Each structure stands twice: as C-alpha cells, then as structure tokens.
Amino acid sequence: MSVADETEEQHPTLSLDDTVHQRVRLGILTIAREADQVDFGFLKEQLGATDGNLSRHLKVLEDSGLVTVTKGYAGRRPRTWVAMTPRGAEALDRELRALRELVRRLDAATASGRQE
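For the structure given in this document, a descriptive report is provided here. What you are looking at is a predicted structure, and each value in this text was computed from that prediction instead of being measured.

1. With respect to the pattern of salt bridges
Okay, so step 1: All chains considered together, the criterion is met by six salt bridges.
Okay, so step 2: For D39, the salt bridge is made with R79, and the minimal N-O distance between the two is 2.9 Å. One end of the pair, D39, is in strand β1 (residues 38-39); the other, R79, is in strand β3 (residues 77-84), with 40 residues separating them in the sequence.
Okay, so step 3: For D39, a relative accessible area of 19% corresponds to the buried category.
Okay, so step 4: Among the residues examined, R79 registers a relative accessible area of 23% and is labelled partly exposed.
Okay, so step 5: Across the pair K59 and D63 runs a salt bridge, and its minimum N-O distance is 2.9 Å. Residue K59 and its partner D63 are located together in helix α5 (residues 51-63), separated by four residues, close to a single helical turn.
Okay, so step 6: The exposed category is assigned to D63, whose relative accessible area is 55%.

So, how was this worked out
- Residues numbered from 1 in each chain as written.
- Predicted model: local features only at pLDDT ≥ 70, side-chain atom pairs only at ≥ 80, totals over all residues.
- Heavy atoms only, no water.
- Salt bridge = Lys/Arg side-chain N within 4 Å of Asp/Glu carboxyl O.
- Helix = DSSP H or I, 4+ residues; strand = E, 2+ residues; numbered from the N terminus.
- Buried < 20%, exposed > 50% of the residue type's maximum accessible area, 1.4 Å probe, protein only.

Have a look at this one:
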C-alpha cells in the first residue's frame, strides 16, 4: 500500500509558511514569543546572524505584520527592540502545529515498520 492510498489529507509540509519557516525568522519569532520584547543585539548573538542579515529578516517579518520593531535609546546607546504581534503569535502557532503533525506522521510510519 502506498502513502497516497492511505489518505487524501494535505501533507503537513503544505501548511508550512515560507515567511515563518526560514531558520533566522523562525528563531526571531520563537525568541520573541518568550518575552514582551527582545533586544536586537540579543537576537544577533542567539541566532549567529550579522547586523545586515538580521535586519533583512526583521524587515520581512515586520512587513508581514508578524513583529514590530521599535528604535530608541538605553541611556546614550541606540537600541532596537523587537516584539511579536498577535498575528505573529498566530503564525508561529500554525507553524508549530504543522511541524508537530509532520513529526507525528513520521513517528507513526516508523512505528508501523514503514521507512521512507
């Protein structure tokens, strides 16, 4: 029996969001989910990104309405803070559900003795 014979339901990878799923953007969203707001420098350090690379990914997320980026000062030092929006939280939740379903399907296939 083939996988196609078992079900006509959508494969979980079709639910993955290209905006969210990219490694750095997924990292930004998961870190931002853990706090009210997160500092640019902390994100850069945690994700191993350059200033330019992180800025580009933040712009994609901001333009998509998934995060807000606020610039200001801490003392005399310029700072950039990132916060997740409600839309960003929903997008991250959908992404995590799709990933969990993908893992569940693979676990079930392995447990039944099938190997891809």
